[in-house]
Amino acid sequence: MLSIEACGVAVLGIGRAGMVHARNFVESVPMAKLVAVYDVEKERVEAAAGELGVKGYTDLEKVLGDPTIDAVVVAAPTFAHRDLVVAAAKEKKAILCEKPLTLTPEEAEDMRRAVEENGVVFVMGFMRRYDASFMRAKELLENGEIGDPLIIRSVGKGPSLPPRWAWDVKKSNGVLGEVNSHDFDTVYWLMGSEYSWVYARGKNMRCGDLREEFPDFYDHAVVMFELENGSMGTVEGACPSEYGYDARVEIQGTKGVIFIGDIAEHGVTVCSKGKGAARPLVQSWRTLFREAYIREDRHLIECLTGGAKPRTTVEDGVRALKVVRAANRSLSTGEAVYL
Ligand SMILES: NC(=O)c1ccc[n+]([C@@H]2O[C@H](COP(=O)([O-])OP(=O)(O)OC[C@H]3O[C@@H](n4cnc5c(N)ncnc54)[C@H](O)[C@@H]3O)[C@@H](O)[C@H]2O)c1
């Protein structure tokens, strides 16, 4: 365990998600200090390092060799996660890896081995598990408020297209990997059971202009599944949804139902003549899960300095990855896939 002052953090991959974590470590994680950012794009490094007032690296060996860095956040595109996690583990850095864990089970195994052999802290970036509403729902389920959970419906939709690299299903596992990994993880966590089988349908319904260059690309998907405890459910994914960022869950149990999430940005409703009642919709995961990201980043430091056990693990990443790949297989074969 490290002393609290000693906790230096670097963010590897300083795009959309990387900047969320980097700003958190500057503003909202008092036991840690953002020391550096690293990216393969020099301009991004210069811009981020300038804004945040930290060191900027474009050389992986140099950033991981920096003795002032104790922990890294891996926020590069999914296809780069394995190499970054393995290299960071070898340098004995604690790691928070953005979801999804990676692209293939073989890569996941390399990551698991590197983390285990080097004995480093590893936190899987499933930030929904650090969200106050999700945590409250989990507590209510555990207290038996709705009896035994029977059916779950989980919706995960983003308003706009993801970055270009994610349009190639081989580099991202598609919307089911990029967006719905979260749903697959929280379904397991909330329902307390492994997946038995999945059946998926998915299509490119909005982005005809991407069809030629990315024939596998799909922007809408529905996955039906059964869990080993006999409960059932669906995950709905879409990117772009156009209307906003939508992450809602409904769990029906033997004694009641739990609803998680809201599509409105806040509780204020404006009513005016001719316009009806209006509530602005949530537009980004950055807003909806702002506090959850901070809690997740703080958790990395608690694990490193206070000996806390990671709440989200490599195994959680592996499970979600297996479900994503099974659903993608079902989507292309038209058949249910048993896990
Ligand atoms: N938790 C969430 O809800 C959430 C939200 C958004 C993104 N993510 C995840 O975060 C990761 C990054 O997504 P993003 O939307 O920020 O992407 P992005 O394209 O906005 O940013 C990725 C950054 O990584 C850099 N990069 C590319 N290859 C690299 C490499 N080999 N090493 C280091 N940096 C490299 C790029 O130059 C870019 O700056 C993805 O795995 C994505 O799934 C998670």
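Residues numbered from 1 in each chain as written. Predicted model: local features only at pLDDT ≥ 70, side-chain atom pairs only at ≥ 80, totals over all residues. Heavy atoms only, no water.

Peer 1: Summarise helix H11 (residues 290-306); cite the residues concerned and give the values.
Peer 2: Relative to the 24 Å expected for 17 residues at 1.5 Å per residue, H11 spans 23 Å between its end C-alpha atoms, a close match to the ideal helical length. On the buried face of H11, the contacting elements are strand E1 (8-12), helix H1 (16-27), strand E4 (71-74), strand E5 (94-98), strand E6 (122-125) and helix H10 (285-288). The first or second residue beyond H11 is Gly307, which carries a positive phi of 75°. (Helix = DSSP H or I, 4+ residues; strand = E, 2+ residues; numbered from the N terminus. Expected span 1.5 Å × (residues − 1). Contact = heavy atoms within 4.5 Å.)

Peer 1: Requested: an account of the pairing of E1, with residues and values cited.
Peer 2: The element E1 is extensively covered by neighbouring structure, given that five of its five residues are classed as buried. What you see with E1 is no split at all: Gly8, Ala10 and Leu12 on one side and Val9 and Val11 on the other are buried throughout. Pairing analysis gives four bridges linking E1 to E4, with the strands arranged parallel. Looking at E4, one finds that Val11 is bridged to Val73. (Buried < 20%, exposed > 50% of the residue type's maximum accessible area, 1.4 Å probe, protein only. Pairing = 2+ DSSP bridges.)

Peer 1: Give a detailed account of the site of the ligand, specifying residues and quantitative values.
Peer 2: The local shell around the ligand holds 27 residues, among which Arg16, Ala17, Asp39, Glu178 and Tyr293 are the closest. At 2.6 Å from an oxygen atom of the ligand is found a side-chain nitrogen or oxygen belonging to Glu178. Out of a free accessible area of 840 Å², the ligand has 90% covered by protein chains. Elements that contribute at least two residues to the shell around the ligand include exactly H1 and helix H4 (81-90). Residues of the shell around the ligand, tallied by class, amount to 15 nonpolar, five polar and seven charged. Taken domain by domain, the shell around the ligand gets at least three of its residues from each of domain 1 (4-120) and domain 2 (129-288 + 320-338). (Near = heavy atom within 4 Å. Polar contact = N/O pair within 3.5 Å; in protein donor to acceptor, adjacent residues only side chain to side chain. Areas by Shrake-Rupley, 256 points an atom, 1.4 Å probe, with all protein chains shown as cover. Nonpolar A, V, L, I, M, F, W, Y, C, P; charged D, E, K, R; others polar. Domains from an automatic or database assignment.)

Peer 1: Tell me what's going on with the packing of aromatic side chains, and back it up with residues and numbers.
Peer 2: Scanning the entire structure with this criterion turns up seven aromatic pairs. Centre to centre, the rings of Trp167 and Phe214 are 5.9 Å apart; their planes meet at 90°, and the pair counts as edge-to-face. A residue pair is termed long-range when its members are at least 10 positions apart, and Trp167 in the loop between strand E7 (149-157) and helix H7 (169-172) and Phe214 in the loop between strand E8 (195-203) and strand E9 (220-227) qualify at 47 residues. Phe214 carries the same exposure label as Trp167, and that label is buried. (Phe/Tyr/Trp six-rings, centres within 6.5 Å; stacked < 30°, edge-to-face > 60°.)

Peer 1: Provide a residue-level description of the packing of helix H6 (residues 132-142) against helix H9 (residues 181-191), including the pertinent values.
Peer 2: Two numbers describe how H6 lies on H9: the axes approach to 9 Å, and their chain directions differ by 30°. In terms of orientation, H6 and H9 fall into the roughly parallel class. Across the interface between the two elements, Phe134, Met135, Ala137, Lys138 and Leu141 of H6 pack against Thr186, Trp189 and Leu190 of H9. (Axes fitted to C-alpha atoms, helices over the stretch in contact; angles between N-to-C directions. Parallel < 35°, antiparallel > 145°, perpendicular 65-115°, else oblique.)

Peer 1: An account of the pattern of salt bridges is needed here, citing residue identities and associated values.
Peer 2: Counted by the stated rule, this structure contains 23 salt bridges. In this structure, Asp110 engages Arg113 in a salt bridge whose closest nitrogen and oxygen atoms are separated by 3.8 Å. Residue Asp110 and its partner Arg113 are both found in helix H5 (residues 105-118); the two are separated by three residues, about one turn of the helix. A relative accessible area of 39% places Arg113 in the partly exposed class. The shortest N-O distance in the salt bridge between Glu236 and Lys157 comes to 3.3 Å. Placement of Glu236 in strand E10 (residues 232-238) and of Lys157 in strand E7 is noted, with a sequence separation of 79 residues between them. (Salt bridge = Lys/Arg side-chain N within 4 Å of Asp/Glu carboxyl O.)

Peer 1: Would you mind going over unusual backbone geometry in detail, with residue names and values included?
Peer 2: A cis amide bond links Lys99 to the next residue, Pro100, at an omega of -15°. With respect to the helices, strands and loops of the structure, Pro100 is situated in the loop between E5 and H5. The amide bond that connects Cys239 to the next residue, Pro240, takes the cis arrangement and shows omega of 10°. Mapping Pro240 onto the fold places it in the loop between E10 and strand E11 (246-253). A positive phi angle, near 65°, is found at Lys92, a position not held by glycine. Even without glycine at this site, Asn173 takes up a positive phi of about 65°. Secondary-structure assignment places Asn173 in the loop between H7 and helix H8 (174-178).

Peer 1: Any chance you could break down the sheet that holds E10 for me, citing the residues and the numbers?
Peer 2: With respect to topology, seven strands assemble into an open sheet ordered E12-E11-E7-E10-E9-E8-E15, the strand pairing being mixed. Each edge of the sheet is formed by a strand with only one pairing partner; in this case those strands are strand E12 (257-260) and strand E15 (337-338). Strand direction decides the pairing type here: E7 and E11, joined by eight bridges, are antiparallel. Bridge pairing links Ser154 to Val249 in E11. In this fold H9 packs onto E7, E8, E9, E10, E11 and E12, with an angle of close to 155° to the strand it touches most, E7. Where helix H12 (residues 314-333) meets the sheet, it contacts E8, E9 and E15, and its direction lies at approximately 50° from that of E8.

Peer 1: Could you give an account of a nonpolar patch on the surface, naming the residues involved and the relevant values?
Peer 2: On the surface, Leu150, Ile151 and Met232 cluster together into a nonpolar patch covering about 230 Å² of accessible area. Among the structural elements, Met232 can be located in strand E10. (Patch = residues over 30% accessible without salt bridge, like charges linked within 9 Å, V, L, I, M, F, W, Y side chains within 5 Å.)

Peer 1: Explain the packing of H1 against H11 residue by residue, including any values.
Peer 2: It is at 10 Å that the axes of H1 and H11 come closest, and there the two elements cross at 65°. Judged by the angle between their axes, H1 and H11 are roughly perpendicular. For H1 against H11, the interelement crossing comes out right-handed. Of the residues in H11, those touching H1 at Val20, His21, Asn24 and Phe25 are Tyr293, Ile294, Glu296, Asp297, Leu300 and Ile301. Grouping the amino acids of the contact of H1 with H11 by side-chain chemistry returns six nonpolar, two polar and two charged. (Left-handed = near helix turned anticlockwise from the far one by under 90°.)

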